[in-house]
Amino acid sequence: MEKRELLYEGKAKRLFLTDDENLVISEFKDDLTAFNGEKKSSEAGKGALNNKISTELFKLLEANGIQTHFVKMLDDNHMLHTKVDVILIEVIVRNIATGSLTRNLGIKDGTILPFTLVEFDYKDDDLGDPKLNDQHALILGLVEHQDELDKLRRMARQINDILKPYFADKGLNLVDFKLEFGKDKSGNIILVDEISPDNCRFWDMESGEKMDKDRFRQGLGGLTVAYEQVLNRILGK
Ligand code: CDP
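A brief structural summary. Everything quoted here is computed from the prediction, not taken from an experiment.

## A short note on the packing of helix H1 (residues 46–63) against helix H4 (residues 146–168)
Next, step 1: At their nearest, the axes of H1 and H4 sit 10 Å apart, and the two run at 120° to each other. Judged by the angle between their axes, H1 and H4 are oblique. Viewed along their axes, H1 and H4 form a crossing whose handedness is right-handed. Each of Leu57, Leu60 and Leu61 in H1 lies in contact with H4, whose residues at this interface are Ile159, Ile162, Leu163, Tyr166 and Phe167.
Next, step 2: The residue inventory of the contact of H1 with H4, partitioned by class, reads 8 nonpolar, no polar and no charged.

Here it is, written out as structure tokens:
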């Protein structure tokens, strides 16, 4: 499958059309951004690591009954996937308090939450991705019906129920992560985007070491080494 015109360029990926109107190609970039694009950098090899990690995790989720946009990995930096209408809601799943949850609500960093928290953010960089409740999402027309919001929450919990024990088995705490969903041409809601250390937080269960994009956000260094370790643990190396 060949890349055709550039359809869209995001912060971490470029999206290309293909000869098949139902399929598109994502190119995973080495670029890194944080704090709504205020902090920028690039790390050679980061894009390929995220493509490989996402590929493994999409395969795992598909094998466990979650519909995703994944079709196949084409090469180190390219993934073929279904074309969807992206739902402009970032679904945030949290098992342990950190980041904005700690900042906004004062819950002590590292607190294990009494149950998994699922939140919605409006995917809008100009507005700084504000928090949404269900009524906001319906008023903005981000989905058509309450049922669809319920479905996003249900799918997010199912995905967490698969990923959390999977990573625990590999010595990693899945602290929190962000999911995106879209509607395919039949109107089915499916998982899209990527699942990688760019949008998940992983803490090593023994050392507590951060093995995700917080290494960049917090200037800790060693980002690609950490991402490579996540991939190696996934591959059982
Ligand atoms: O990163 P920050 O602390 O500002 O945001 P958060 O709401 O605590 O992030 C929760 C989780 O969602 C983290 O794993 C982030 O990496 C991820 N996230 C993301 O990938 N993209 C966003 N726009 C917001 C959060």
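## Considerations on the environment of glycine 10
Next, step 1: Summarising the element assignment, glycine 10 is placed in the loop between strand S1 (6–9) and strand S2 (13–17).
Next, step 2: Counting along the chain gives 150 residues from glycine 10 to asparagine 160, while the straight-line C-alpha distance between them is 25 Å.

## A word on the site of the ligand
Next, step 1: Looking at the ligand, there are 15 residues lining it, with Arg94, Ser100, Asp176, Arg201 and Arg217 nearest.
Next, step 2: At a separation of 2.8 Å, an oxygen atom of the ligand approaches a polar side-chain atom of arginine 94.
Next, step 3: Here aspartate 176 contributes a side-chain N or O atom positioned 2.6 Å from an oxygen atom of the ligand.
Next, step 4: Relative to its unbound accessible surface of 510 Å², the ligand loses 82% to contact with the protein.
Next, step 5: Of all elements in the fold, only strand S9 (89–96), helix H2 (99–105), strand S12 (172–183) and strand S14 (200–204) reach the threshold of two or more residues within the shell around the ligand.
Next, step 6: Across the shell around the ligand, the residue classes break down as 3 nonpolar, 3 polar and 9 charged.

## Let's talk about helix H6 (residues 223–234)
Next, step 1: Between its first and last C-alpha atoms H6 spans 17 Å; for 12 residues at 1.5 Å apiece the expected length is 16 Å, and the two agree.
Next, step 2: Taken residue by residue, H6 has Leu223, Thr224, Ala226, Tyr227, Val230, Leu231 and Ile234 as its buried positions. The arc that holds the buried residues of H6, viewed along the axis, is 160°, so those residues lie on one side.
Next, step 3: At the C-terminal side of H6, glycine 236 shows a positive phi close to 75°.

## Quick notes on the nonpolar core
Next, step 1: Formed by 50 residues in total, the largest nonpolar core has its most connected members in Ile89, Leu179 and Phe181.
Next, step 2: When residues in this core are grouped by element, the largest group, 9 residues, is from H4.
Next, step 3: When near neighbours in sequence (up to four residues on either side) are disregarded, phenylalanine 181 contacts Val86, Ile87, Val91, Leu152, Met155, Ala156, Ile159, Ile189, Ile190, Leu191 and Val192.

## Re H1
Next, step 1: An ideal rise of 1.5 Å per residue puts 26 Å on 18 residues; H1 measures up with 26 Å between its terminal C-alpha atoms.
Next, step 2: Counting buried positions along H1 gives 13 out of 18 residues, so the element sits mostly inside the fold.
Next, step 3: Directly after H1, the chain includes glycine 65, whose backbone phi takes a positive value near 90°.

## Considering the environment of glycine 45
Next, step 1: Along the chain, glycine 45 falls in the loop between strand S5 (39–42) and H1.
Next, step 2: Residue glycine 45 is classed as partly exposed on the basis of its relative accessible area, which comes to 31%.
Next, step 3: Between the alpha carbons of glycine 45 and leucine 61 there is a distance of 24 Å; along the sequence they are 16 residues apart.

## So, the packing of H1 against H6
Next, step 1: Two elements in contact, H1 and H6, have axes whose closest approach is 10 Å; the angle formed by their N-to-C orientations is 25°. One element, H1, and the other, H6, form an angle in the roughly parallel class. Relative to H6, the crossing made by H1 is left-handed. Residue-level inspection shows Lys46, Leu49, Asn50, Lys52, Ile53, Glu56 and Leu57 of H1 in contact with H6, the latter providing Leu223, Thr224, Tyr227, Glu228, Val230, Leu231 and Ile234.
Next, step 2: Of the residues in the contact of H1 with H6, the class split is 8 nonpolar, 2 polar and 4 charged.

## A closer look at unusual backbone geometry
Next, step 1: At phenylalanine 35, a position not held by glycine, the phi torsion is positive, near 55°.
Next, step 2: A positive phi angle, near 65°, is found at aspartate 193, a position not held by glycine.
Next, step 3: Following the sequence through the fold, aspartate 193 ends up in the loop between strand S13 (189–192) and S14.
Next, step 4: With relative accessibility at 15%, the residue aspartate 193 sits in the buried group.

## Here's the deal with the pattern of salt bridges
Next, step 1: Applying the stated criterion to the full structure yields 27 salt bridges.
Next, step 2: With a shortest N-O distance of 3.2 Å, glutamate 9 and arginine 14 are connected by a salt bridge.
Next, step 3: Take glutamate 9: its relative accessible area is 39%, and that puts it in the partly exposed class.
Next, step 4: Given the relative accessible area of 25%, arginine 14 is considered partly exposed.
Next, step 5: As a salt-bridge pair, glutamate 9 and lysine 29 come within 2.6 Å of each other at their nearest N and O atoms. With a gap of 20 residues between them, glutamate 9 in strand S1 and lysine 29 in the loop between strand S3 (23–28) and strand S4 (31–34) connect regions that are remote in the sequence.

Conventions used here
- Residues numbered from 1 in each chain as written.
- Predicted model: local features only at pLDDT ≥ 70, side-chain atom pairs only at ≥ 80, totals over all residues.
- Heavy atoms only, no water.
- Axes fitted to C-alpha atoms, helices over the stretch in contact; angles between N-to-C directions.
- Helix = DSSP H or I, 4+ residues; strand = E, 2+ residues; numbered from the N terminus.
- Parallel < 35°, antiparallel > 145°, perpendicular 65-115°, else oblique.
- Left-handed = near helix turned anticlockwise from the far one by under 90°.
- Contact = heavy atoms within 4.5 Å.
- Nonpolar A, V, L, I, M, F, W, Y, C, P; charged D, E, K, R; others polar.
- Near = heavy atom within 4 Å.
- Polar contact = N/O pair within 3.5 Å; in protein donor to acceptor, adjacent residues only side chain to side chain.
- Areas by Shrake-Rupley, 256 points an atom, 1.4 Å probe, with all protein chains shown as cover.
- Expected span 1.5 Å × (residues − 1).
- Buried < 20%, exposed > 50% of the residue type's maximum accessible area, 1.4 Å probe, protein only.
- Arc of directions from axis to C-beta.
- Core = buried A, V, L, I, M, F, W, Y, C linked by side-chain atoms within 4.5 Å.
- Salt bridge = Lys/Arg side-chain N within 4 Å of Asp/Glu carboxyl O.

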